Amino acid sequence: MKEQVPNPGNTPPASSKPAEDHRLRMVNRTMQLYRNQSHALIETLHTVQESFGFLEEGVLKYVAATLRVPLSRVYAVATFYHSFTLKPPGEHTCVICRGTACYIGGSGEILDDIREKVGIVSGETTPDGQVSLLVARCLGSCGLAPAGVFDGEVTGKLSPEVVLEKIGRWQTHDPQ
Amino acid sequence: MTLNSEDLHQIAKIEKDKQDGFQHRIHVCVAAGCLSCGSGVLMDALGKEVNRRGLDNWCQIKGVGCLGLCAEGPLISLATSGTYYQGVKVSDVSDILDALGGNPVGRLLCPADTAFFKRQVRIVTENCGRIDPERIEEYIAESGYESLYLALTQMTPPEVIEQVTRSGLRGRGGAGYPTGLKWTTVSKAISSTKFIICNADEGDPGAFMDRSVLESDPHRVIEGMAIAGYATGASQGYIYVRAEYPLAVKRVRLALAQAERLGVLGNNIFNTHFNFTIKVRLGAGAFVCGEETALIASIEGRMGRPRPRPPFPAEFGLWEHPTLINNVETFANVPPIIRKGGKWFAGIGTEKSKGTKVFALAGKIVNTGLIEIPMGTPLRDIVFAIGGGIPGGKGFKAVQTGGPSGGCIPEQFLDMPVDYDSLLQVGSIMGSGGMIVMDETSCMVDVAKFFMEFCMSESCGKCAPCRVGTRQIYDILCRITGNQSTPEDLAMLEDLCDLMKNTSLCGLGQSAPNPVLTTLKYFRDEYLSHIHDRTCLAGACKTVVEVS
Ligand SMILES: Cc1cc2nc3c(=O)[nH]c(=O)nc-3n(C[C@H](O)[C@H](O)[C@H](O)COP(=O)(O)O)c2cc1C
Ligand code: FES
């Protein structure tokens, strides 16, 4: 089971044994690609998020030191952009589009239903750590509004029922 | 490796011969829309069945970019007969193959002689749905990179700019700034280092044209950028793509690798002294990064906050060097302009808006999807003839163009020609090309609130009018839709809009009031009914209905 608290205390400081962790190797590779120049910051944070699932504090410190960027700036960039999150995600991620087409198509009702029946709003994870909910600003699938992404898979023409069922199956570990 | 024109023709010929060798060619749409309806599995199934029947040399199965009618996916087209099939499932595979050469499968037929297909004029999307976006050879077979060759070997940079200027092409990213003029400014800037940036941030929620072009025909954009590099004296380019478009990112990266391998990017392109390379940078989910100075800050690895202009990026851009920033669709128009001449392009469209525009039709409309039409096409034709009208027998209420910076256009302007200036006149903008249709069940105050909430959360916080103004306007709109407003709120709303429009630092804040202003102007009765009668005329705002 994954830790649900931000920056779990038992994670070893990232800078201690960087080469041993496969995930950190990916991060190092991105930084090396840009010869550790400071403008690689956003690209590096993308890699951190891809490898770790979120921006872990220890890794941010490591990135700041390697790229020689003040930690304050790393933190500023990490919180400015919506794609980055400082909280570890749940086992599964559900993204609901709240762009114009999807809003007109009824994505608001889907989000209302999730709030009422599952008890989470955007940016939150269910207490069992199974499902995280995120809101997107247009996935570019407006022709299929309302659209969402379930564990990386884009699905269109959603209804509250379909979404709730999917979330329910994740929570009960129904593999269907 | 350096390429010459004979090599280019040779590649094209081999590719054409290969295609002509097939009796039948089935194109499966593998753009993001159809992929999410299962077109990937469908393509595999078609391939397997063709192979099982031993027809590999007789029938080709090919993944192509967007066929346009996204709502009816997965779509396939039979290139040899011009037949389109819609909503195709794996279980239809046998029937489709059986019917090749005979009568098409009736239940799957997608009528291709409708206005949706017939009214379109394809320049930017000429290859969309026809070529495999993951193979450079197919692009070359459709005259790809011929324009770059022509420009590099037979034209001087001023001659290239002359053609672009003569074409009358205006920026497709929103503001409609004349592209030729922008190129001239950058070409005259004195610096040994210059940059070309392609703005593929496409932040307008409800627009997906740039995504489709990048997914369906990425080489076109690359070629346009390289021509721009030659014309302005730049040798490095960046494509700034939204991270939310993973497929577009993947195809662009692949296209760049192929272009480098063939030598249409790199050093001494076509044996000339021209060098050009392109790098990809990912956005990270900030709308304001579509603004050019914020985008530059983001490429430099900083927070995407705009800065005052002037100085414009054309003089003082990326890493303080002169920088040309154009939209994806702007660059995609360049190769045909060079190939066919600026005069040809200027013959399409209206007096001040030349060429075509790609629109993303979405919302309460039958044919949601992607269309390319000449500038000046009446709005009514777009919504009713091409778009197929409003589903469910509901009444038309408004079209929203330009996203959070645009406005809502009511029924009375349906006969207006769609071009930059007409849209501006009614208080909206062309924007990047999103068109969201709303029917009688949409409350316009709620729509205005939706856009204001968007601008509020996307405001970068640098200037007070935008940071505070969006919040205040949003709060007032919440009070109105929530049945707690007073008549004074309306005056306050108008004051705040005026203030934001005139004092914000960048386009985000300056144009954020547009959705409110246009709905106030054309749908004032909905505001008044909310304020005075506590009712929502559209029946959309729940709280108000409950109380009354
Ligand atoms: C808030 C804001 C968001 C913008 N978003 C985009 C965008 O997503 N895509 C785009 O091409 N231009 C966008 N622009 C316009 C760019 O600043 C710039 O004008 C454009 O990329 C220039 O290209 P063009 O001349 O080819 O239109 C935006 C502008 C503002 C103020
Ligand atoms: S608005 Fe939801 S995909 Fe575009």
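Residues numbered from 1 in each chain as written. Chains lettered and ligands numbered in written order. Predicted model: local features only at pLDDT ≥ 70, side-chain atom pairs only at ≥ 80, totals over all residues. Heavy atoms only, no water.

### Things to note about the overall build of chain B
Put simply, the rule is: In this text, helices come from DSSP runs of H or I with a minimum length of four residues, and strands from runs of E with a minimum of two, each type numbered from the N-terminal end. Radius of gyration here is computed from C-alpha atoms only, and the compact-globule reference equals 2.2 Å multiplied by the residue count raised to the power 0.38. Only protein chains enter the accessibility calculation, which uses a 1.4 Å probe. A residue is then buried if its area is under 20% of the maximum for its type, exposed if over 50%, and partly exposed in between. We call two residues in contact whenever any of their non-hydrogen atoms come within 4.5 Å of each other. Here the Shrake-Rupley method, with its probe set to 1.4 Å, supplies the accessible areas, and only the displayed protein chains count as covering residues. By the counting scheme adopted, Arg and Lys are positive, Glu and Asp are negative, and His together with the chain ends is not counted. Note on charges: their place is set at NZ of Lys, CZ of Arg, CG of Asp or CD of Glu.
When helices and strands are tallied, chain B shows 24 helices and 14 strands. Here the C-alpha radius of gyration of chain B, 24 Å, is about what a compact globule of 548 residues would show, namely 24 Å. On the principal axes, the C-alpha backbone points of chain B span a range of 75 × 65 × 40 Å. The buried share among the 548 residues of chain B stands at 62%. Long-range contacts, defined as pairs at least 24 residues apart, comprise 72% of the intrachain contacts of chain B with a sequence gap of at least 6. Only carbon and sulfur atoms are counted for the fraction: they give 51% of the accessible area of chain B, which is about 19,700 Å². Distance from the positive charge centre (54 side chains) to the negative charge centre (59 side chains) of chain B: 2 Å.

### Side note on the overall build of chain A
Across its full length, chain A holds 7 helices and 4 strands. Each helix and strand of chain A, ordered N terminal to C terminal, gives the series α-α-α-α-β-α-α-β-β-β-α. A burial count over chain A gives 48% of its 176 residues as buried. Considering only contacts within chain A whose residues lie at least 6 apart along the sequence, 63% involve residues at least 24 apart. Of the roughly 8,600 Å² that chain A leaves accessible, carbon and sulfur atoms contribute 51%.

### Observations regarding the nonpolar core
Worth spelling out the cut-off: Residues enter a nonpolar core if they are buried and are Ala, Val, Leu, Ile, Met, Phe, Trp, Tyr or Cys, with the set joined through side-chain atoms within 4.5 Å.
In terms of nonpolar packing, the biggest core is built from 121 residues, with Y145 and W183 of chain B touching the most fellow members. If you tally residues by element for this core, the top one is helix α11 (residues 218-232) of chain B, at 8 residues. In this structure, A64, V77 and F84 of chain A together with C460 of chain B belong to the second largest nonpolar core, which totals 65 residues.

### Focus on the sheet that holds strand β2 (residues 131-136) of chain A
Residue and element names in this part refer to chain A. Selection rule: Should DSSP find at least two bridges between two strands, the strands are regarded as paired. Think of each axis as a best-fit line through the C-alpha atoms, taken over the contacting stretch in the case of a helix, with angles from 0 to 180 degrees between the N-to-C directions.
What the 4 strands build is an open sheet, ordered β2-β1-β3-β4; its pairing is mixed. Edge positions in the sheet fall to β2 and β4 (153-155), since each has one partner strand and no second. Taken pair by pair, the neighbouring strands of this sheet meet at an average axis angle of 25°, ignoring direction. Here 3 bridges tie strand β1 (residues 92-97) to strand β3 (residues 148-150), and the two strands are oriented antiparallel to one another.

### Overview of the sheet that holds strand β6 (residues 195-200) of chain B
Residues and elements named next belong to chain B. Taken together, the 4 strands give an open sheet; going across it, the order is β8-β7-β6-β9, and neighbouring strands pair in parallel fashion. Each edge of the open sheet carries a strand with a single partner, namely β8 (277-282) and β9 (323-327). Neighbour-to-neighbour, the strand axes of the sheet open up by a mean angle of 20°, direction not taken into account.

### Some points on the packing of aromatic side chains
Residue and element names in this part refer to chain B. Test applied: Centres within 6.5 Å make a pair out of two Phe, Tyr or Trp rings, where for Trp the six-membered ring is used; the pair is then stacked when the planes are under 30 degrees apart, edge-to-face when over 60, and tilted otherwise.
All told, the structure shown has 18 aromatic pairs over all chains when counted by the stated rule. Note on Y84 and F117: the rings are 4.7 Å apart at their centroids and 25° apart in plane angle, and the pair reads as stacked. One end of the pair, Y84, is in strand β4 (residues 83-85); the other, F117, is in helix α5 (residues 115-118), and 33 residues separate them in sequence. Aromatic side chains F287 and F454 sit 5.0 Å apart centroid to centroid with 70° between the ring planes, which places their arrangement in the edge-to-face category. Here F454 lies in helix α18 (residues 444-458) and F287 lies in the loop between β8 and α13 (292-299), a separation of 167 residues in the sequence.

### As for empty space enclosed by the protein
Residue and element names in this part refer to chain B. Applied cut-off: The definitions used throughout rest on a 1 Å grid laid over the protein atoms alone, on which a cavity is an enclosed set of points accommodating a 1.4 Å probe that cannot get out and a pocket is an open set flanked by protein within 12 Å on both sides along at least five of seven lines; lining residues are those having an atom within 4 Å of a point. Grid points are joined across faces, edges and corners, and a volume is the space filled by probe spheres set on the points. Each residue is assigned to one class: nonpolar for Ala, Val, Leu, Ile, Met, Phe, Trp, Tyr, Cys and Pro, charged for Asp, Glu, Lys and Arg, and polar for all the others, Gly among them.
With the rule as written, the count across this model stands at 5 cavities of 30 Å³ or more. What lines the largest cavity is a set of 13 residues, among which P306, C460, C463, C466 and C506 lie closest to the centre. Considered class by class, the residues forming the lining of the largest cavity number 8 nonpolar, 4 polar and 1 charged.

### Remarks on the domain arrangement of chain A
Spelled out, the test is: As used throughout, domain bounds are those supplied by an automatic or database domain assignment.
Here chain A is partitioned into domain 1 (18-80) and domain 2 (92-170). Taking only C-alpha atoms into account, the centre of domain 1 of chain A sits 29 Å from that of domain 2 of chain A.

### Details of the interface of chain B and chain A
Test applied: Salt bridge, as used here, is a side-chain nitrogen of Lys or Arg placed within 4 Å of a carboxyl oxygen of Asp or Glu.
Taken together, the contact between chain B and chain A spans 51 residues of the former and 32 residues of the latter. One can count 3 salt bridges joining chain B with chain A. The residue R137 of chain A makes a salt bridge to E458 of chain B at a minimum N-O spacing of 4.0 Å. Here the residues of the side of chain B that touches chain A are counted per class, giving 26 nonpolar, 12 polar and 13 charged.

### Some points on the confidence of the model for chain A
All names here are of chain A. The criterion, for reference: Confidence of the prediction at every residue is given by pLDDT, a number between 0 and 100.
Residue-level pLDDT values for chain A average 86, and 88% of them are 70 or greater. Here β4 is the element of chain A with the lowest mean pLDDT, 88, and helix α3 (residues 57-67) is the one with the highest, 95. Overall, residues 1-16 carries pLDDT values under 50, and its contacts beyond four positions in sequence, including any with other chains, amount to 19 contacts.

### Structural notes on the site of ligand 1
Residue and element names in this part refer to chain B. To keep it simple, the criterion reads: A single heavy atom is enough: if one lies within 4 Å of a molecule or strand, its residue is considered near that molecule or strand. Under this definition, polar contacts are N or O atom pairs within 3.5 Å; protein pairs additionally need one hydrogen-donor-capable and one acceptor-capable atom, and for neighbouring residues in sequence, both atoms have to be side-chain atoms.
Around ligand 1 lies a shell of 18 residues, among which G173, K182, N326, N327 and T330 are the nearest. E292 has a polar backbone atom sitting 3.1 Å from an oxygen atom of ligand 1. Between N326 and ligand 1, the recorded distance is 2.8 Å, taken from a side-chain N or O atom to an oxygen atom. Relative to its unbound accessible surface of 610 Å², ligand 1 loses 88% to contact with the protein.

### Looking at the pairing of β6 of chain B
Residue and element names in this part refer to chain B. Summarising burial for β6: 6 of the 6 residues are buried, a large majority. Alternating positions in β6 separate into two faces, F195, I197 and N199 on one and I196, C198 and A200 on the other, with burial throughout. Pairing between β6 and β9: 5 bridges, direction parallel. When the sheet's bridge partners are listed, F195 is paired in β9 with T323.

### So, the confidence of the model for chain B
With 99% of its residues at a pLDDT of at least 70, chain B reaches an overall mean of 92. Across the interfaces of the predicted complex, the ipTM metric reaches 0.85, alongside a pTM of 0.92.

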